[in-house]
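What follows is the residue order along each chain.
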Amino acid sequence: MSTPAPVDRASGVELEIGGMTCASCAMRIEKKLNKLDGVVATVNYATEKARITVPDGYDAALLIAEVEKTGYTAAVPVPKGTKQNRALDGAADESDPELRSLRNRLIASIVLTVPVIAMAMVPAWQFTYWQWASLVLAAPVIVWGAWPFHKAAWTNLKHGAATMDTLISMGTSAALLWSLYALFLGTAGVPGMTHPFEFSLAPSDGAANIYLEVGAGVTMFILAGRYFEKRSKKQAGAALRALLELGAKEVSVLRNGFETKIPVEDLSVGDEFIVRPGEKIATDGVVVSGTSAVDASMLTGESVPVEVTEGDSVTGATTNAGGRLVVRATRIGSDTQLAQMAKLVEDAQTGKAEVQRLADKISGVFVPIAILIAFIALGGWLGAGFPVAAAFTAAVAVLVIACPCALGLATPTALLVGTGRGAQMGVLIKGPEVLESTRKVDTVVLDKTGTVTTGKMTLVDVILEPGTDRAELLRLAGALEDSSEHPIAQAIAKGATQEIGELPTPEDFANVVGKGVQGIVEGHSVLVGRESLLAEWSQFLSSDLASTKAQAEGEGKTVVAVGWDGAARGILVVADTVKETSAEAIAQFKAIGLTPILLTGDNEAVARHIAAEVGIDEVIAEVLPKDKVDVVARLQREGKIVAMVGDGVNDAPALAQADLGMAMGTGSDVAIEASDITLVRGDLRSAVDAIRLSRKTLGTIKTNLFWAFAYNAAAIPVAALGMLNPMLAGAAMAFSSVFVVGNSLRLRGFKSLTK
């Protein structure tokens, strides 16, 4: 591995952190780094990254060494988009060893633990040597299944720290060790031993009691929680990979007069390359020759293709929708707009305020207190002259009852039921971190193209000069446009086909650069395009039609003029239309207390017209992708809790920056990966359901956590006093788990507002 280079102060440094198991790990690393002179660090548990500002010339190796001193791993990330990084990403996608290990441990633990719990809870199933069968089944779970917890607890112990892993390890280990003592040295191993189901509380020396079902059950439940948590966090870098995948992989470059295909990574500034119709532009550059329409909707959100000609700038990853272009590269690699957008997504993700799980927050105090109470109970019983066995029974009982069995179910069960119900409704929630964001959201920022509107150009109106037949105009204009590759032409051709059926084939066709098309259809000399194209042939629109055209263009629509046989015959109006459900969705947003804002890269006239149509009062138009992030950040600085709904690549950074990002499933993979919630159906009303369901799920998790901790808080004093019958403790733990699961299952009845 190469030695990390000194860090430049202007950009700081980013480290990938490994080995964190809870939010307290991130806090400990952050505290350790911030003790270094001149270092300001933020460690994000969700993304497993540290962002650090350092003095000039500071060596990243020192930072890595400091992280390793705390018992974790750190590395400088491989630059995004490099061949090495792509290979690593591919390998990670195919198989994650840590996730696979967790899954294997979970499956094995479930298979072994279920019969152990069943025998302990049902006295009728306690056959002659059931306690020894329980040992055979539970020991692998407590030792091998819980090994990640034991390992993390040992690492924390070496650095003088205690986390939830410490409590899990101590509780499960104590349960196993005391069970071994009771089986081999006590009376629990005698043939025919049973655990009677008693509700009475009475002091006991513990030599006849085993806690195997508790140790194995806790391990199984906590493994389930960790597995689902790890699986959701695997999506952290997917947005960046999706962004970079948008770009072209190969490029046809002109060198010494010859055309050569090379990987896009080998392109240099100043190289001239060819872009044919339908191909992606390889990198940012300037058009050297050729004229075309460039579809930049994936990057800019602008639904209408942009006409470009010699001297115009073009952006990498946009699509050439028209003629052949020769482009000179002006920016490559990390300097391109696409790469800068990837950086924006990464910055927004890493810079998000760390959302700590409620369990982690409370466990920061709960864990050391539980351990302290266990030692106090041990010392107290010994000091009072009771037998050593009785003292250890009380201490072990505290650790066992403090071990968070129901807590292991609180978050994953509510999340699984809530997300399962969401999936039925077309709402995909990516993880528990998302839910916190929905609670206080008061503002929803909506992208226009593809979110409020369909995102597709559609023929919306046909306006005729007196005496012109509508079907004839659509047939002649549609026939010519059907021969063109331009997206507006295709919208007209599609609209004409839907209304009148099959279109004739032109006898002659020519593209007039930047103006439109002309040709012979059914013996008529037809012109379709800009008003200026018809004027060149002395075909002029009437004053009424010219006025109607100006009005339509004022509303942000695209107008195409049609003429034949020496006279203008009418105009065709093309526009991006509003989705049928958008107005209803806006009303629902307002009903649940959210203020909708329309944010778009389109021009002001289009945005105002669309906003008025659906009932949005506040509009922010003509913004670039970076500006969208700035707008969201500005709203946040003003104290608003912002949800963002979008579908394009241009929305990805803003989706990541927002407190809650929601992406239309009909949109780009980049937007979907950068978001917190995906709306599968592309129906804006799903965004309302998403917020309502997320809030309901969060409320359920909070209720679960309250009862899980309340159970522990109430039972610990009883255990410390030596009054906790192990069977009663097992029953209480089972009841708390059943309550948590039952409470979570109530989410299955959640109803959508969509009719």
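Conventions we followed
- Residues numbered from 1 in each chain as written.
- Predicted model: local features only at pLDDT ≥ 70, side-chain atom pairs only at ≥ 80, totals over all residues.
- Heavy atoms only, no water.
- Helix = DSSP H or I, 4+ residues; strand = E, 2+ residues; numbered from the N terminus.
- Buried < 20%, exposed > 50% of the residue type's maximum accessible area, 1.4 Å probe, protein only.
- Contact = heavy atoms within 4.5 Å.
- Areas by Shrake-Rupley, 256 points an atom, 1.4 Å probe, with all protein chains shown as cover.
- pLDDT = per-residue confidence, 0-100.
- Core = buried A, V, L, I, M, F, W, Y, C linked by side-chain atoms within 4.5 Å.
- Pairing = 2+ DSSP bridges.
- Salt bridge = Lys/Arg side-chain N within 4 Å of Asp/Glu carboxyl O.
- UniProt positions renumbered as here; feature names shortened; annotations may be inferred.
- Axes fitted to C-alpha atoms, helices over the stretch in contact; angles between N-to-C directions.
- Parallel < 35°, antiparallel > 145°, perpendicular 65-115°, else oblique.
- Left-handed = near helix turned anticlockwise from the far one by under 90°.
- Nonpolar A, V, L, I, M, F, W, Y, C, P; charged D, E, K, R; others polar.
- Phe/Tyr/Trp six-rings, centres within 6.5 Å; stacked < 30°, edge-to-face > 60°.
- Expected span 1.5 Å × (residues − 1).
- Bend = angle between axes of the 7 residues up to and from the residue.
- Arc of directions from axis to C-beta.
- Polar contact = N/O pair within 3.5 Å; in protein donor to acceptor, adjacent residues only side chain to side chain.
- Patch = residues over 30% accessible without salt bridge, like charges linked within 9 Å, V, L, I, M, F, W, Y side chains within 5 Å.

A. Fine view of the overall build of the chain. Of regular secondary structure, the chain possesses 27 helices and 26 strands. When the 755 residues of the chain are sorted by exposure, 53% land in the buried category. Put simply, of all contacts in the chain between residues at least 6 apart along the chain, 70% involve residues at least 24 apart. Surface summary for the chain: the accessible area is close to 31,600 Å², and the carbon and sulfur share equals 58%.

B. View of the confidence of the model for the chain. Residues of the chain with pLDDT of at least 70 account for 81%, and the chain-wide mean is 80. Per-element averaging of pLDDT across the chain places helix H3 (residues 83-94) at the bottom with 43 and helix H5 (residues 130-145) at the top with 94. Confidence over residues 80-94 falls short of pLDDT 50; this stretch has 17 contacts with residues more than four positions distant or in other chains. Below pLDDT 50 for its whole length, residues 351-357 participates in 18 contacts with residues either more than four positions away or in separate chains.

C. Looking closely at the nonpolar core. Judged by nonpolar contacts, the single largest core of 45 residues is most densely connected at Leu-446, Phe-589, Met-662 and Leu-684. The leading source of residues in this core is helix H26 (residues 685-720), at eight residues. When near neighbours in sequence (up to four residues on either side) are disregarded, Met-662 contacts Ala-643, Met-644, Val-645, Gly-646, Leu-655, Ser-675, Ile-677, Leu-679, Ala-687, Ala-690 and Ile-691.

D. Spotlight on the sheet that holds strand S10 (residues 306-308). Taken in spatial order, the three strands make up an open sheet running S10-S9-S12, and their pairing is antiparallel. Each edge of the open sheet carries a strand with a single partner, namely S10 and strand S12 (319-320). The pairing of strand S9 (residues 292-295) with S12 spans two bridges and is classified as antiparallel. Within S12, the residue paired with Val-294 across the bridge is Asn-320.

E. Structural view of the pattern of salt bridges. Tallying each qualifying case throughout the model produces 19 salt bridges. Lys-515 is the partner of Glu-536 in a salt bridge, and the nearest nitrogen-oxygen pair spans 2.1 Å. In this pair, Glu-536 is assigned in helix H19 (residues 531-536) and Lys-515 in the loop between strand S17 (508-512) and strand S18 (516-521), connecting sequence segments 21 residues apart. Within the structure, one salt-bridge network assembled from shared partners comprises Asp-447, Lys-628 and Asp-651.

F. Structural context of the UniProt feature "transmembrane region" (unreviewed entry) in the chain. Mapped onto the present numbering, the UniProt feature "transmembrane region" (unreviewed entry) falls at residues 106-123, 129-147, 167-190, 210-228, 362-382, 388-417, 704-721 and 727-745. With 89% helix and 0% strand, residues 106-123 has end C-alpha atoms that lie 27 Å from one another. Its end C-alpha atoms 31 Å apart, residues 167-190 is made of 75% helix and 0% strand.

G. Region of the structure containing the packing of helix H4 (residues 97-121) against H5. Interhelical geometry of H4 versus H5 gives an angle of 150 degrees and a closest axis separation of 9 Å. The angle between H4 and H5 falls in the class roughly antiparallel. By crossing handedness, the relation of H4 to H5 is classed as left-handed. Contacts between H4 and H5 involve Asn-104, Arg-105, Ala-108, Ser-109, Leu-112, Thr-113, Pro-115, Val-116, Met-119 and Ala-120 from the first element and Trp-130, Ala-133, Ser-134, Leu-137, Ala-138, Pro-140, Val-141, Trp-144 and Gly-145 from the second. When grouped by side-chain class, the residues that make up the contact of H4 with H5 number 13 nonpolar, five polar and one charged.

H. Representation of the pairing of S18 within the structure. Across five bridges, S17 lies against S18 in antiparallel orientation. Paired with Asn-511 across the two strands is Val-517, which belongs to S18. In the sheet, S18 pairs with strand S19 (residues 524-529) via six bridges, with the strands oriented antiparallel. The partner of Gly-519 across the bridge, within S19, is Val-526. The turn linking S18 back onto S19 is made up of two residues, and Glu-522 within it adopts a positive phi angle of 55 degrees.

I. Focus on the sheet that holds strand S21 (residues 567-578). With antiparallel pairing, six strands are arranged side by side in an open sheet as S16-S21-S20-S19-S18-S17. On the outer flanks of this sheet lie strand S16 (453-464) and S17, each paired with one strand and no other. Strand-to-strand twist in this sheet, taken as the mean axis angle between neighbours without regard to direction, amounts to 20 degrees. Packed on one face of the sheet, helix H20 (residues 543-554) meets S16, strand S20 (558-564) and S21 and runs near 20 degrees to S21.

J. Region of the structure containing the packing of aromatic side chains. A full pass over the atoms with the stated rule returns four aromatic pairs. For the pair Phe-706 and Trp-707, a centre-to-centre distance of 5.3 Å together with 75 degrees between the ring planes defines the contact as edge-to-face. Residue classification places Trp-707 among the partly exposed residues on the basis of a relative accessible area of 44%.

K. Representation of H4 in the model. Across its 25 residues, H4 extends 35 Å between first and last C-alpha, which sits within 8% of the 36 Å expected from 1.5 Å per residue. Bending of H4 peaks at approximately 30 degrees at the position of Thr-113, with proline Pro-115 no more than four residues after it.

L. Region of interest: helix H2 (residues 60-69). Taken residue by residue, H2 has Ala-60, Leu-63, Ile-64, Glu-66 and Val-67 as its buried positions. Viewed along the axis of H2, the buried residues span an arc of 160 degrees, placing them on a single side of the element. Where H2 begins, the capping side chain belongs to Asp-59, and its oxygen is found 3.0 Å from the backbone nitrogen of Ala-61. Note on H2: the residue one or two positions beyond its end, Gly-71, has a positive phi of about 100 degrees.

M. Examining the environment of Ser-292 more closely. Relative to the assigned elements, Ser-292 resides in strand S9. Using a relative accessible area of 3% as the deciding quantity, one classes Ser-292 as buried. Residues Ser-292 and Leu-325, 33 residues apart in the sequence, show an inter-C-alpha distance of 7.1 Å. For Ser-292, the side chain forms a polar contact with the main-chain nitrogen of Gly-323, separated by 3.0 Å.

N. Main features of the environment of Gln-518. Counting through the fold element by element, Gln-518 comes out in strand S18. Among the residues examined, Gln-518 registers a relative accessible area of 24% and is labelled partly exposed. Considering only alpha carbons, one finds Gln-518 and Val-562, 44 residues apart in sequence, at a separation of 9.9 Å. Non-local contacts of Gln-518, meaning those with residues more than four positions away in its chain, are made with Leu-480, Asp-508, Phe-509, Ala-510, Val-512, Val-526, Leu-527 and Trp-537.

O. View of the side chain of Ser-292. A distance of 2.3 Å separates the side chain of Ser-292 from the side chain of Asn-320, its partner in a polar contact. Beyond its immediate sequence surroundings of up to four residues, Ser-292 is in contact with Val-306, Glu-307, Val-308, Asn-320, Ala-321, Gly-322, Gly-323 and Leu-325.

P. Region of interest: a nonpolar patch on the surface. Together, Phe-706, Trp-707 and Phe-739 make up an exposed nonpolar region whose accessible area comes to about 330 Å². By secondary structure assignment, the location of Phe-706 is in helix H26. In this structure Phe-706 comes out as exposed when scored by relative accessible area, which is 53%.

Q. Fine view of the packing of helix H21 (residues 582-591) against H26. With their axes 8 Å apart at the nearest point, H21 and H26 run at an angle of 25 degrees to one another. Here H21 lies roughly parallel to H26, going by the angle between them. Residues Glu-584, Ala-585, Gln-588 and Phe-589 of H21 pack against Arg-685, Ala-687, Val-688 and Ile-691 of H26. Considered class by class, the residues forming the contact of H21 with H26 number five nonpolar, one polar and two charged.

R. Geometry of unusual backbone geometry. Positive phi outside glycine occurs at Glu-522, with the angle close to 55 degrees. Looking at the element boundaries, Glu-522 is found in the loop between S18 and S19. For Glu-522, a relative accessible area of 41% corresponds to the partly exposed category.

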